[in-house]
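# Observations on the model geometry
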Amino acid sequence: MKLILFNKPFQVMSQFSPQAGRETLADYLQIPDIYPAGRLDADSEGLMLLTDDGRLQHQISHPKHKEAKTYTVQVEGVPDEQALLRLSQPLDLRDFVTQPCRVEQIEEPAWLWPRDPPVRKRLSIPTSWLAITLKEGKNRQVRRMTAAVGFPTLRLIRSAIGPCSLSSHPLRPGEWLQLPM
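Residues numbered from 1 in each chain as written. Predicted model: local features only at pLDDT ≥ 70, side-chain atom pairs only at ≥ 80, totals over all residues. Heavy atoms only, no water.

### Things to note about the confidence of the model for the chain
The criterion, for reference: A score between 0 and 100, pLDDT records how confident the predictor is in each residue. Helical segments are the DSSP runs of H or I of at least four residues, strand segments are the runs of E of at least two, and each set is numbered from the N terminus.
Taken residue by residue, the chain gives an average pLDDT of 93. The fraction at 70 or more is 100%. Per-element confidence in the chain is highest for strand 5 (residues 102-106), whose mean pLDDT is 98, and lowest for helix 1 (residues 54-61), whose mean pLDDT is 84.

### Some words on the pattern of salt bridges
Oppositely charged side chains are able to pair whenever their charged atoms sit close together. So the rule is basically this: By definition, a salt bridge exists where a carboxyl oxygen of Asp or Glu is found within 4 Å of a side-chain nitrogen of Lys or Arg. Buried, partly exposed and exposed residues are distinguished by accessible area as a fraction of the type maximum, computed with a 1.4 Å probe on protein chains only: under 20%, between the cut-offs, and over 50%, respectively.
According to the stated counting rule, one finds 5 salt bridges in the structure shown. Arg140 is the salt-bridge partner of Asp43, the closest N and O atoms lying 3.1 Å from each other. On the criterion of sequence distance, the pair formed by Asp43 in the loop between strand 2 (35-36) and strand 3 (45-51) and Arg140 in the loop between strand 6 (127-134) and helix 3 (141-148) is long-range, its members being 97 residues apart. By relative accessible area, which is 24% here, Asp43 ends up partly exposed. Classification of Arg140 as partly exposed rests on a relative accessible area of 34%. Put simply, Glu76 and Arg120 hold a salt bridge, and the shortest N to O gap is 3.0 Å. Linking Glu76 in strand 4 (residues 69-76) with Arg120 in the loop between strand 5 and strand 6, this pair joins segments that are 44 residues apart in sequence.

### A short note on the packing of aromatic side chains
Spelled out, the test is: Working definition: rings of Phe, Tyr and Trp (its six-membered ring) pair if their centres are within 6.5 Å, and the pair is stacked with planes under 30 degrees apart, edge-to-face with planes over 60 apart, and tilted otherwise. Think of it as a cone above the ring: NZ of Lys or CZ of Arg counts as a charge over the ring if it is within 6 Å of the ring centre and within 35 degrees of the ring normal.
Tallied over the entire structure, the rule returns 2 aromatic pairs. Judged by centre distance (5.9 Å) and plane angle (45 degrees), the rings of Trp111 and Trp113 are tilted. Using a relative accessible area of 3% as the deciding quantity, one classes Trp113 as buried. In this structure, Arg115 is placed above the aromatic ring of Phe10, and the distance from its NZ or CZ to the ring centre is 3.9 Å.

Right, here's the structure in full:
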């Protein structure tokens, strides 16, 4: 059984099959018979787990197993306590209501790499960083959550899945590591 940690770069598709004009996992991983345990949008970066074990893949990615996933999020503006509280409580996003989650304002992590291309900067609007830990993961959920409370996401990095994290296993974008099993 293999368990691969991969730091997915910005604009890479979370799939092995070819996508016209887009990089995919196949451009970075040439390990036979592994599959992603979950996905990340092309405009999101960070930790993905891949495995050749179907049971493990299901356990990591299926919502009923409630594997916590932490996202390091750069938002436009500086959320106040009210906005942070709203983010942490169930939030109605029209097509679903989020489950409660953990949200905290953080400093930009020391392990973080520069993004290529860089995130746009506005001199008149500050940015700040949040750590958001969810036990669910609907399509574009974190981006929709921060926008719903008035602080649009500028950069989204999945930094941890369960006990695996980019702070304990520092990988640059495009790098991978096979964990001993």
